[in-house]
Amino acid sequence: MTTHSGPLDLTARLADADPEIAALVEAEGRRQFEKIRLIPSENYVSRAVLEATGTVLTNKYSEGYARKRYYEGQQFIDEVEELAVARAKALFGVEHVNVQPYSGSPANLAIYLAFLQPGDTFLSLELPHGGHLTHGSPVSATGTWFRPVHYGVDKETGRIDMDQVRDIARRERPKLIFCGGTAIPRLIDFPAFAEIAQEVGALLVADIAHIAGLVAGGAHPSPVGYAPVISTTTHKTLRGPRGAMLMTDAEHAKAIDKAVFPGLQGGPHNHTTAAIAVALREAATEEFRRYAHQIVANAAALAEALLERGFDLVSGGTDNHLILIDLTNKDIGGKPAAKALDRAGLEVNFNTVPFDPRKPWSPSGIRIGTPAVTTRGMTTEHMPRIAAWIDEAVEAARKDDGEALDRIAAEVREFTKDFPIPGWPTP
Ligand SMILES: *Cc1c(COP(=O)(O)O)cnc(C)c1O
């Protein structure tokens, strides 16, 4: 098959063409197989989604939108994008979808470009209370180019304080209100946000990056009909490739499309669009609905088991896929705990907790979730075991007991053998 040879044989497969990268991909696959991955924004995509991302669609430029492109040769790309859009519209019940944003952050930037002028006021959840960088953090362009004002959670309940949201909205008259975030363990009250937005004449945006799969599977209320603009990533609970979508009503469609292209981006990543379409097809199945509900059941079971072991959970528990643990009463910071847990085969991330007295780079909490373990087929019966390992590892970290962490990692490796992942051979 090879027609030429030389130091760089471009017809070779990855393992031959670039053994260094191939070895790293292999090592990462093994790592994903051998660990219990609890980072709530991560998942395992299906074999079909993996395949779609590795196709010749990556070769094609297609600036513009289907039937209105700036390059020729779109006979098949247009159909790919139209399928992705049609599936998203049907799955979420929205009037318009843009599947081109490169990821969640650029998708959110497009929202600012579409609806705000520099310096305009908008309202969002404060980052240390569970918001996202792109919701106006001072270190984000969204925080320096616009004027963010923030709501937070109630100190007692750990839940978003809707009275505070209303008070700030009345006082500040924001042009836009974001609901949603990255570390919210409870349901988002879309109707309540919509009422406040309506009262103050603000555009309500729901950022459902974390919970899109739960919404699609009927395991979390939908923002459709309440938020005219909805932003989501495609790679978290929705279990697609790394990417994003913006969903709107008819009224806001044109402004969003113009903001994504040509406002912010050039050619869409067509291989990603294809993989998004595949993921959306999967998400429309009965099996995915069961998956979404299992994620929530697993998180509830994990939360209960952690509470029994004396862990302090922000808001006292969870309604969704995510659990935020305040480790203050365990006498260890989030960062050393996360590092120790990783050594023990339990992958989590350190995270601020609301009213965190420590700094974001070394905060008080860790954030965990169940989307990835649920994809692997773990159920509520496995959650007490995971909670026990977390407890043991945190205790070992406190005592600086590396041997105990390695012992847990070995147990975890043994345990995960029974839970296959797509794209990695089960031993
Ligand atoms: C993950 C996330 C994003 C950003 O997504 P990236 O793909 O990492 O840019 C935006 N908003 C929320 C609420 C998120 O959770």
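The written sequence of each chain sets the order in which its residues are numbered from 1. In keeping with the predicted nature of the model, local features appear solely for residues at pLDDT of at least 70, side-chain atom pairs appear and are counted solely at 80 or more, and the whole-chain, interface and lining totals rest on all residues. Only heavy atoms go into the side-chain values, all of them from the structure, while hydrogens and water stay out.

- As annotated in an unreviewed UniProt entry, the chain carries the name Serine hydroxymethyltransferase and is attributed to Thermasporomyces composti.
- Within the UniProt record for the chain, the comment given under Catalytic activity (unreviewed entry) is "(6R)-5,10-methylene-5,6,7,8-tetrahydrofolate + glycine + H2O = (6S)-5,6,7,8-tetrahydrofolate + L-serine".
- UniProt positions are given in the numbering used here, feature names are shortened, and annotations may be inferred rather than shown by experiment. Under the UniProt heading Subunit (unreviewed entry), the note attached to the chain is "Homodimer."

**Brief notes about the sheet that holds strand E7 (residues 176-179)**
- Two strands pair under a simple rule: DSSP has to find at least two bridges between them. Under the scheme used here, helices are H or I runs from DSSP no shorter than 4 residues and strands are E runs no shorter than 2 residues, and both carry numbers assigned from the N terminus. With respect to topology, 7 strands assemble into an open sheet ordered E4-E10-E9-E8-E7-E5-E6, the strand pairing being mixed. Strand pairing shows two members of the sheet lacking a second neighbour, strand E4 (96-98) and strand E6 (147-151), which therefore form its edges. The sheet shows a mean angle of 20 degrees between the axes of neighbouring strands, direction not considered.
- The sheet contact formed by strand E9 (residues 229-233) and strand E10 (residues 244-248) spans 5 bridges and is antiparallel. Among the inter-strand pairings, Ile230 is bridged to a residue of E10, identified as Met247.
- Contacts between residues were defined by any pair of non-hydrogen atoms, one from each residue, lying within 4.5 Å. Here an angle of 0 to 180 degrees is reported between the N-to-C directions of two axes, which are lines fitted to C-alpha atoms, with helices fitted over the stretch in contact. Against the sheet, helix H8 (residues 190-200) makes contact with E6, E7 and strand E8 (203-207), and its axis sits at roughly 170 degrees relative to E7, the strand it touches most.

**Concerning the domain arrangement of the chain**
- Reported domain spans reflect what an automatic or database domain assignment gives. Its domain assignment divides the chain into domain 1 (56-283) and domain 2 (292-416).
- Taken over C-alpha atoms, the centre of domain 1 sits 28 Å from the centre of domain 2.
- Listed by partner, the interface residues are 24 residues for domain 1 and 22 residues for domain 2.
- Buried area is understood as the total, over both parts, of accessible area removed when two parts are fitted together, assessed with a 1.4 Å probe. The largest per-residue losses of area from domain 1 upon contact with domain 2 belong to Pro185, Arg186 and Leu214, which jointly make up 29% of the total buried on that side.
- Here a salt bridge means any side-chain nitrogen of Lys or Arg lying within 4 Å of a carboxyl oxygen belonging to Asp or Glu. For the pair domain 1 and domain 2, the number of links is 1 salt bridge.
- With its nearest N and O atoms 2.8 Å apart, the salt bridge here joins Arg186 to Asp319.
- Residue polarity is assigned by list, with Asp, Glu, Lys and Arg as charged and Ala, Val, Leu, Ile, Met, Phe, Trp, Tyr, Cys and Pro as nonpolar; anything else, Gly included, falls into the polar class. Taken together, the residues of the side of domain 1 that touches domain 2 break down into 10 nonpolar, 9 polar and 5 charged.

**Let's talk about the nonpolar core**
- We call a set of buried residues a nonpolar core when its members are Ala, Val, Leu, Ile, Met, Phe, Trp, Tyr or Cys and they connect through side-chain atoms within 4.5 Å of each other. Under the scheme applied here, a residue whose accessible area is under 20% of the maximum for its type counts as buried, over 50% as exposed, and between as partly exposed, the area being computed with a 1.4 Å probe on protein chains only. Core analysis: the biggest nonpolar cluster contains 51 residues, and Phe92, Ile177, Phe193, Ile208 and Met245 have the highest contact counts within it.
- Residue contributions to this core peak at 7 residues, all from H8.
- When we break this core down by domain, the ones giving at least three residues each are domain 1 (56-283) and domain 2 (292-416).
- The contacts of Phe193, once residues within four sequence positions are left out, are Tyr151, Ile160, Met162, Val165, Ile177, Phe178, Cys179, Ile188 and Leu204.
- Residues Leu302, Leu313, Ile366 and Phe415 belong to the second largest nonpolar core, which totals 39 residues.

**Looking at unusual backbone geometry**
- Cis geometry is adopted by the peptide bond preceding Pro262, which originates at Phe261 and carries an omega value of 10 degrees.
- Among the secondary structure elements, Pro262 is positioned in helix H10 (residues 250-264).
- Positive phi outside glycine occurs at Arg67, with the angle close to 75 degrees.
- Along the chain, the position of Arg67 falls in the loop between strand E2 (64-65) and strand E3 (68-69).
- Arg67 sits in the exposed class, given a relative accessible area of 57%.
- In this structure, Asp400 is a non-glycine residue whose phi angle is positive, near 60 degrees.

**Quick look at the UniProt feature "site: Plays an important role in substrate specificity" (unreviewed entry) in the chain**
- In the UniProt entry, the feature "site: Plays an important role in substrate specificity" (unreviewed entry) is given for His235.
- In this structure, His235 sits in the loop between E9 and E10.
- Residue His235 is classed as buried on the basis of its relative accessible area, which comes to 9%.
- Once you skip the residues sitting within four places of it in the chain, His235 turns out to touch Ser41, Asn43, Ser103, Gly240, Pro241, Arg242 and Gly243.
- As used in this structure description, the phrase polar contact means that two N or O atoms lie within 3.5 Å; if the pair is within protein, one of them must be able to donate a hydrogen and the other to accept it, and residues adjacent in sequence are counted only when both atoms belong to side chains. Within the structure, the side chain of His235 is placed 3.1 Å from the backbone nitrogen of Gly243, a separation counted as a polar contact.

**Comments concerning helix H13 (residues 334-343)**
- Within the sequence span of H13, burial applies to Gly334, Lys335, Ala337, Ala338, Ala340 and Leu341.
- Those residues of H13 that are buried lie in contact with strand E13 (346-347), strand E14 (349-351), strand E15 (365-369), helix H15 (383-398) and helix H16 (402-416).
- Where H13 terminates, the next one or two residues include Gly345, which has phi positive at roughly 85 degrees.

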